[in-house]
Amino acid sequence: MALSMHRDSNSSGSGSSKQQQQMDASKYVRYTPEQVDALERVYAECPKPSSLRRQQLIRECPILSNIEPKQIKVWFQNRRCREKQRKESSRLQTVNRKLTAMNKLLMEENDRLQKQVSHLVYENGYMRQQLHTVSSTTDTSCDSVVMSGQQQQQNPTPQHPQRDANSPAGLLAIAEETLAEFLGKATGTAVDWVQLIGMKPGPDSIGIVAVSRNCSGVAARACGLVSLEPTKVAEILKDRLSWFRDCRCLDVASAIPTGNGGTIELVYMQVYAPTTLASARDFWTLRYITSLEDGSLVICERSLTSSTGGPAGPPATCFARAEMLPSGYLIRPCEGGGSIIHIVDHIDFDAGSVPEVLRPLYESSKILAQKMTMAALRHIRQIAQEMNGEVQYSGGRQPAVLRALSQRLCRGFNDAVNGFVDDGWSIMSSDGVEDVTIAVNMSPNKFLGSQYNNLSMLPTFGGVLCARASMLLQNVPPALLVRFLREHRSEWADYGVDVYSAASLKASPYAVPCSKPGGFPSSQVILPLAQTVEHEEFLEVVRLEGHAFSPEDIALSRDMYLLQLCSGIDETTTGACAQLVFAPIDESFGDDAPLLPSGFRVIPLEPKSDGPAATRTLDLASALEVGHGGARAGGEADTSNQNLRSVLTIAFQFTFENHYQESVAAMARQYVRSIVASVQRVAMAIAPSQLSSHMVPKPFPGSPEAVTLAQWICRSYSVHTGAELLQADSPAGDAVLKQLWHHSDAIMCCSVKMNASAVFTFANQAGLDMLETTLVALQDIMLEKILDEAGRKILLSEFSKIMQQGFAYLPAGVCVSSMGRPVSYEQAVAWKVLNDDDANHCLAFMFMNWSFV
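Residues numbered from 1 in each chain as written. Predicted model: local features only at pLDDT ≥ 70, side-chain atom pairs only at ≥ 80, totals over all residues. Heavy atoms only, no water.

Thoughts on the overall build of the chain
Scanning the chain for helices and strands turns up 21 helices and 30 strands. Relative to its full complement of 853 residues, the chain shows a buried share of 49%. The long-range share in the chain, meaning contacts at least 24 apart out of those at least 6 apart in sequence, stands at 66%. By element, 53% of the accessible surface of the chain is carried by carbon and sulfur atoms, the whole surface being about 41,400 Å². (Helix = DSSP H or I, 4+ residues; strand = E, 2+ residues; numbered from the N terminus. Buried < 20%, exposed > 50% of the residue type's maximum accessible area, 1.4 Å probe, protein only. Contact = heavy atoms within 4.5 Å. Areas by Shrake-Rupley, 256 points an atom, 1.4 Å probe, with all protein chains shown as cover.)

So, the sheet that holds strand β29 (residues 840–848)
Spatially, five strands are ordered β24-β23-β29-β28-β25 in an open sheet, and the strand pairing comes out antiparallel. Taken across any chain shown, the strands that pair with only one partner, and hence form the sheet edges, are β24 (760–763) and β25 (807–810). On average, adjacent strands in this sheet sit at an angle of 20° to one another, irrespective of strand direction. Summarising the sheet, β25 and strand β28 (residues 827–834) pair through four bridges and their orientation is antiparallel. (Pairing = 2+ DSSP bridges. Axes fitted to C-alpha atoms, helices over the stretch in contact; angles between N-to-C directions.)

Things to note about the pattern of salt bridges
What the rule picks out here adds up to 21 salt bridges. Taking the shortest distance from any N to any O, the salt bridge between Arg489 and Asp498 comes out at 2.9 Å. Neither Arg489 nor Asp498 differs from the other in exposure class; each is buried. The network of salt bridges with shared partners includes Glu40, Arg79, Glu83 and Arg86. (Salt bridge = Lys/Arg side-chain N within 4 Å of Asp/Glu carboxyl O.)

A closer look at the pairing of strand β13 (residues 339–348)
Two faces, one strand: in a regular strand the side chains alternate between the faces of the sheet. With respect to burial, β13 is a largely interior element, nine of its ten residues being buried. As defined by bridge partners, strand β5 (residues 218–226) adjoins β13 across nine bridges and the pair is classed as antiparallel. Each residue of the ladder has a partner; that of Val218, found in β13, is Ile347. Of the strand pairs in this sheet, strand β11 (residues 323–324) and β13 are connected by two bridges, and their pairing is antiparallel.

Section: the pairing of strand β26 (residues 813–816)
Pairing analysis gives four bridges linking β26 to strand β27 (residues 822–825), with the strands arranged antiparallel. Pairing of Cys815 across the sheet is with Val823, part of β27. What sits between β26 and β27 in their antiparallel hairpin is a turn of five residues, with Gly820 showing a positive phi close to 90°.

With respect to the environment of Glu363
Secondary-structure assignment places Glu363 in helix α8 (residues 359–363). Among the residues examined, Glu363 registers a relative accessible area of 27% and is labelled partly exposed. C-alpha separation for the pair Glu363 and Ser216, spaced 147 residues apart in sequence, amounts to 9.7 Å.

Examining a nonpolar patch on the surface
Together, Tyr122, Tyr126 and Met127 make up an exposed nonpolar region whose accessible area comes to about 380 Å². On the secondary structure map, Met127 appears in helix α4 (residues 69–136). Taking relative accessible area as the criterion, Met127 reaches 48% and is therefore assigned partly exposed. (Patch = residues over 30% accessible without salt bridge, like charges linked within 9 Å, V, L, I, M, F, W, Y side chains within 5 Å.)

A closer look at the packing of aromatic side chains
We describe a pair of aromatic rings using the distance from one ring centre to the other and the angle between the two ring planes. Inspection of every chain in the model, using the stated rule, returns 20 aromatic pairs. Joined through ring pairs, the aromatic side chains of Trp492, Tyr500, Phe582, Phe600, Phe652, Phe654 and Tyr671 make up one cluster. In this arrangement the basic side chain of Arg281 is found over the ring face of Tyr362, its NZ or CZ atom lying 4.6 Å from the centre. (Phe/Tyr/Trp six-rings, centres within 6.5 Å; stacked < 30°, edge-to-face > 60°. Lys NZ or Arg CZ within 6 Å of the ring centre and 35° of its normal.)

Describing helix α21 (residues 789–805)
Compared with the 24 Å implied by 1.5 Å per residue over 17 residues, the 24 Å span of α21 between its first and last C-alpha is a close match. The axis of α21 is deflected most strongly, by about 45°, at Glu798. Listed in full, the buried residues belonging to α21 are Gly791, Leu795 and Ile802. Turning to α21, the residues buried within the fold contact α20 (783–786), β25, β28 and β29. Gly806 occupies a position one or two residues after α21 and carries a positive phi of about 105°. (Expected span 1.5 Å × (residues − 1). Bend = angle between axes of the 7 residues up to and from the residue.)

Examining the sheet that holds strand β30 (residues 851–852)
The strand order across the open sheet formed by three strands is β26-β27-β30, and the pairing between neighbours is antiparallel. Of all strands in the sheet, those bounded by a partner on one side alone are β26 and β30.

Here's the deal with the confidence of the model for the chain
Model confidence for the chain is summarised by a mean pLDDT of 78, while 76% of its residues fall at 70 or above. Looking over the chain, one finds the lowest element-wise mean pLDDT in helix α15 (residues 620–624), namely 34, and the highest in strand β9 (residues 297–303), namely 96. Of the regions scoring below 50 in pLDDT, residues 689–704 engages in 30 contacts with residues more than four places distant in sequence or in other chains. (pLDDT = per-residue confidence, 0-100.)

A short note on the state of the cysteines
Across all of its chains, the model carries zero disulfides by this definition. Of all cysteine sulfurs, the one in Cys842 lies closest to Cys750, which takes part in no disulfide; the gap is 7.3 Å. Assessed through its relative accessible area of 0%, Cys750 is described here as buried. (Disulfide = S-S within 2.5 Å.)

Points about the nonpolar core
Grouped burial of nonpolar side chains is what soluble globular proteins tend to show. Core analysis: the largest hydrophobic core is formed by 54 residues, its most contacted members being Leu465, Leu481, Trp492, Phe600, Phe652, Phe654 and Tyr671. Per-element accounting of this core gives the leading share, twelve residues, to helix α16 (residues 661–686). Residues within four places of Leu481 in sequence aside, it is in contact with Leu473, Val476, Val602, Val679, Val682 and Ile686. With 52 residues, the next largest nonpolar core counts Val209, Ile341, Ala384 and Ile603 among its residues. (Core = buried A, V, L, I, M, F, W, Y, C linked by side-chain atoms within 4.5 Å.)

Considerations on the environment of Thr189
Mapped onto the elements, Thr189 comes out in the loop between α6 (168–187) and β3 (193–195). C-alpha separation for the pair Thr189 and Gln116, spaced 73 residues apart in sequence, amounts to 5.7 Å. Every residue in contact with Thr189, bar those within four places of it in the chain, is listed here: Arg112, Lys115, Gln116 and Gly184.

Structural notes on helix α7 (residues 230–238)
Among the residues of α7, Pro230, Val233, Ala234, Ile236 and Leu237 are the ones counted as buried. Down the axis, α7 shows its buried residues gathered within 165° of arc, on one side only. Exposed positions of α7 whose direction lies more than 90 degrees from the buried face are Thr231 and Glu235. Packed against the buried residues of α7 are β5, β9, β12 (327–333), β13 and α9 (365–387). (Arc of directions from axis to C-beta.)

Details of the side chain of His488
With respect to the helices and strands, the residue His488 is situated in the loop between α13 (478–487) and α14 (495–503). Taking the relative accessible area as the measure of exposure, His488 reaches 7% and is therefore buried.

Describing unusual backbone geometry
The phi angle at Asn214 is positive, at roughly 60°, despite the residue not being glycine. Summarising the element assignment, Asn214 is placed in the loop between β4 (208–212) and β5. Backbone geometry places Asp350, a non-glycine residue, at a positive phi of 55°.

Some words on the packing of α13 against α16
The interhelical angle for the contact between α13 and α16, taken along N-to-C directions, is 125°, at an axis separation of 11 Å. Judged by the inter-axis angle, α13 sits oblique to α16. α16 is crossed by α13, and the crossing has right-handed handedness. On the side of α13, the interface is formed by Leu480, Leu481, Phe484 and Leu485, while α16 contributes Val679, Val682 and Ile686. Class assignment of the residues belonging to the contact of α13 with α16 gives a composition of seven nonpolar, no polar and no charged. (Parallel < 35°, antiparallel > 145°, perpendicular 65-115°, else oblique. Left-handed = near helix turned anticlockwise from the far one by under 90°. Nonpolar A, V, L, I, M, F, W, Y, C, P; charged D, E, K, R; others polar.)

Concerning the environment of Leu563
Here Leu563 lies in strand β19 (residues 560–567). Spatially, the C-alpha atom of Leu563 lies 9.3 Å from that of Leu529, the residues being 34 residues apart in sequence. Contact partners of Leu563, with chain neighbours within four places excluded, come to Leu405, Leu409, Leu529, Leu539, Glu540, Val541, Val581, Phe582, Ala583, Ile585, Phe589 and Leu595.

A closer look at the side chain of Asp745
Mapping Asp745 onto the fold places it in the loop between α18 (734–741) and β23 (746–750). Residues within four places of Asp745 in sequence aside, it is in contact with Asn764, Ala766, Met846, Phe847, Met848 and Asn849.

Okay, here's the thing in structure tokens:
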């Protein structure tokens, strides 16, 4: 900027037109290039300097001595305004490019759907014609048709011409066929695709995701837009180990360049089994990397089998060979930068080789879409946003480091679940009951150069022991179960075992914990570390705060830390797998800290039918949706969720000293059995019950029906305060409960008993959101735990007033949710809730205008 003019706001004038023009000319200051450079240097250091800084600038810079401080102030204001306009213009241009590319993508999808409709119309007309022909023919003509069909079966047409599939020319022929079939799936109508519910296209969405219907194997397809160049996208997608969490290894056996500038690769890949009840899978594939005439990059892949020909793959005794049907990635450049990606995954997992109850794991296209197709697209979008500086990371760790930690947690948990022999795992003899399997790994090769290297340097280190179990669950939503396990660790974990796991990180000797009833009291605080773009995965640090009740427990009362990875806890996503994996860490753990992951994995066993199963959870919200007006007639109750089944896999790893192996194995077996029992209790509590036409919210033990409780709360509030809690139209029956549930302020009730801590017994939706809990887990939260010290003192001083007067107003303050997050509120009201006999039933609180700090 060579010149800059500034209007002096102090000048004023009136009079003739000539005088006005003269005054207007005096209202502007023309800046020289040197003055502009000086101001720009200051702006780069401080865009909003104070008045003292502006006066100092005039004194230190002689070329600005003829400009008043107020004029310099306005220059900085204008400069900030121009910078804001420039950023907004750049943002709008970026959004416009995204929308243009997405519009092109949607138009192509629309064209594909129109082709599919035309194809279906043609097939429909052809079938009508055939039916008409069959109905008008004689029996003799039918016999001739049958005979001709038998002759065709006796002389079938070969699918592939005779060729030497082991030669480069034969491999190229297979590659070109794979390319054509893949493009037909990616942009054509080779597969009948059904779009997943909730996948709305947009500039910031993951893209368009669809699953197959009525095809061999399982297939998923996704297309989306990312702000990376095609070559970078291809590089990321080829590195399947970096984004496919179930990939154990991927080896390129050979690479053959082709005459058209492409590359043919022979690839061997091993995939972890999702549960202990099934075998792992491996693939022997041909991968073809080439470019199209329009500049698009293609990476397509298919298995080499006896029908396709080609070199035989390496044998593997612990794996079942699965078949990858033509799949791959179509990466097209966008105008103005970025890429449009089409992803197709089509796999036959050989579901017939697994127990019938587990076949839905290998027959669900939704699970394939979640684990492979959407995972690839999300990973690319994550990398793109990190490279553009759009992702904020905490703790001084780079995004790549956090991704590596997440990958190590998943990989370590998968290793524990599968327990491959070639990794050094061996099965210990059982104690007569086959519910828990104990595997031991004492191989030195396992620990050298791996994440356990630091542990193996301990002088008496004997190895790693893993206790694992699997169980089937009925009518338990995976997301709800995993979220409960995450938020309420004290319901299933043993503090002494956590202490033992944490002690394994130290070089000092450690002993096997003794089981104590209920363990040691502890509370957890979850500290967010990172989350993915779509918020489907969370990496966090959990601080376990220990407390001792006796002198001998002081050694076990110190705080401990876990690195924890949680995914799939969004209840709105149907058919999603949920997982909670954690590993003990030191307080100041490094990027390469040793990790020994344990945890839970819940996978839904959806039936092969295409109808999506509805999900429903046992909380007050779901019960409110079913009342006298919304209930189904007898015999029409929704039983879709009653058939919801899932498989839960549990794996816990422990290190042990040489002379403690048997003792640690006994402890681990007992510990996992206690966890299984705890999970069964939790599952029974959160499993939805059969609905009926007279359904009301399930009451807590010893509490009135929810509708009656809601009436007591509202009536007591009106009696004590003289104001109405709900709307003035005096609702009755279920309407009271509905209005109370949807009230904008957080309303909750807690018990009032002598010589006992006040625990919560009821909360509306806003109250559950504020406490970050569920209605089932509400009874685990004590009133004193959510109030800070100031809040407890105020409540204690006002308690006598509440009991005598019936209510009290509490000033603004801060409380804490069950997850440890501070919550501020502008005012709170506490009042006694009286039953029909005017006796004290509980204490109610209403927190107004609350928000997370």
